[in-house]
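Per-entry structural report
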Amino acid sequence: MELNGIIFDLDGVLVHTDEFHYQAWKQLADRLCIPFDRQVNNRLRGVSRMASLEIILEAADRSFSDEEKLAMAEEKNAAYRKLLETMSPKDVSDEVVETLSKLKERGIRLAIGSSSKNAGFILKQTGLDIWMDAVSDGNNITRSKPDPQVFLMAADMLTLPPAQCAVVEDATAGIDAALAGGFLAVGIGDAAGYDRTDKPLSTFSDLLSIL
Ligand code: B16
Ligand code: MG
């Protein structure tokens, strides 16, 4: 298989912002007296902001208007952005940086395929932006994973066909999206144990030996 591009999911693959998501959602849920814990937070992995809110509101004892929901999502995002401001290149492991550097040396084009509307900010804060030839994120898509749109747009930006690209994901919905788009589906974390994953990684640098 000729592989010329790799599209990375961001949260859970290159960085780990799930604790920040947890803290920001928890602040909102506590204010609204809605039960929310880390188990519910795990269900938000790779899920868009509004879909995440719907999952949290499953435990609420009343319903909310669309306007109220938008205000809640904005409140959570403001708290989350404050936490993201504390991020720096130290939040990216040496293993990730060394692997990206070696992939670039091999002439492989790299892109982001993330559901997050904050992907650009996270990439800048962590210095990961310098490695990426393209960024497709929550700002340029209309359909969330498991729809392949975010990855198809990334491949398009790289001017590569999906058959020449791998997608690296930590969420099962992301693996489903990769397969639906015709990409090689590489799984790490939760997605490494998913039976639909083409290539499971036990650690990020394994990427260099499986491709
Ligand atoms: P935002 P990924 C996802 O990022 C996160 O895993 C998920 O928890 C979050 O709800 C989603 O982005 C939207 O994030 O509120 O920043 O737009 O894994 O697709 O890189
Ligand atoms: Mg993810």
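Let me begin by describing the structure that accompanies this report. (Residues numbered from 1 in each chain as written. Chains lettered and ligands numbered in written order. Predicted model: local features only at pLDDT ≥ 70, side-chain atom pairs only at ≥ 80, totals over all residues. Heavy atoms only, no water.)

Quick notes on the nonpolar core
Membership of the largest hydrophobic core comes to 35 residues, with the highest contact counts inside it found for F8, L14 and L128. Each residue touching F8, except ones within four places of it in the same chain, is listed here: V13, L14, L100, L103, L110, A111, I112, G113, M132, V168, F204 and L207. Residues V150, A155, L160 and A185 belong to the second largest nonpolar core, which totals 18 residues. (Core = buried A, V, L, I, M, F, W, Y, C linked by side-chain atoms within 4.5 Å. Buried < 20%, exposed > 50% of the residue type's maximum accessible area, 1.4 Å probe, protein only. Contact = heavy atoms within 4.5 Å.)

Let's talk about the packing of helix α4 (residues 66-84) against helix α6 (residues 119-126)
The packing of two helices is summarised by the inter-axis angle and the distance between the axes. Interaxial distance between α4 and α6 falls to 11 Å at its minimum, and their mutual angle equals 15 degrees. In terms of their interaxial angle, α4 and α6 are classed as roughly parallel. As for how α4 packs across α6, the hand of that crossing is right-handed. Residues Y80, R81 and L84 of α4 form the contact with α6, whose own contacting residues are F121, I122 and Q125. Looking at side-chain class alone, the contact of α4 with α6 contains four nonpolar, one polar and one charged residues. (Axes fitted to C-alpha atoms, helices over the stretch in contact; angles between N-to-C directions. Helix = DSSP H or I, 4+ residues; strand = E, 2+ residues; numbered from the N terminus. Parallel < 35°, antiparallel > 145°, perpendicular 65-115°, else oblique. Left-handed = near helix turned anticlockwise from the far one by under 90°. Nonpolar A, V, L, I, M, F, W, Y, C, P; charged D, E, K, R; others polar.)

Thoughts on the side chain of T17
You can see T17 is positioned in the loop between β1 (5-8) and α1 (18-31). Only 3.2 Å separates the side chain of T17 from the side chain of Y80, close enough to count as a polar contact. Residues contacting T17, with those up to four places away along its chain left out, are D11, Y80, L84, M87 and I122. (Polar contact = N/O pair within 3.5 Å; in protein donor to acceptor, adjacent residues only side chain to side chain.)

Side note on the side chain of S116
The residue S116 is located in the loop between β2 (109-113) and α6 in this model. Owing to a relative accessible area of 18%, S116 belongs among the buried residues under this scheme. Looking at S116, its side chain comes within polar contact range of the main-chain nitrogen of A119, at 3.5 Å. For S116, the residues in contact, after removing those within four places along its chain, are I122, D137 and G138.

Focus: the pattern of salt bridges
Pairs may arise between side chains of opposite charge once their charged atoms sit close together. Taken as a whole and judged by the stated rule, the model has 14 salt bridges. Across the pair D30 and K26 runs a salt bridge whose closest N-O atoms are separated by 3.2 Å. Remark: K26 and D30 occur in helix α1; sequence separation between them is four residues, near one turn of the helix. The closest approach of N and O atoms between E68 and R62, which form a salt bridge, is 3.0 Å. By relative accessible area, which is 45% here, R62 ends up partly exposed. In this structure, a network of salt bridges that share partners links the residues D9, K145 and E169. (Salt bridge = Lys/Arg side-chain N within 4 Å of Asp/Glu carboxyl O.)

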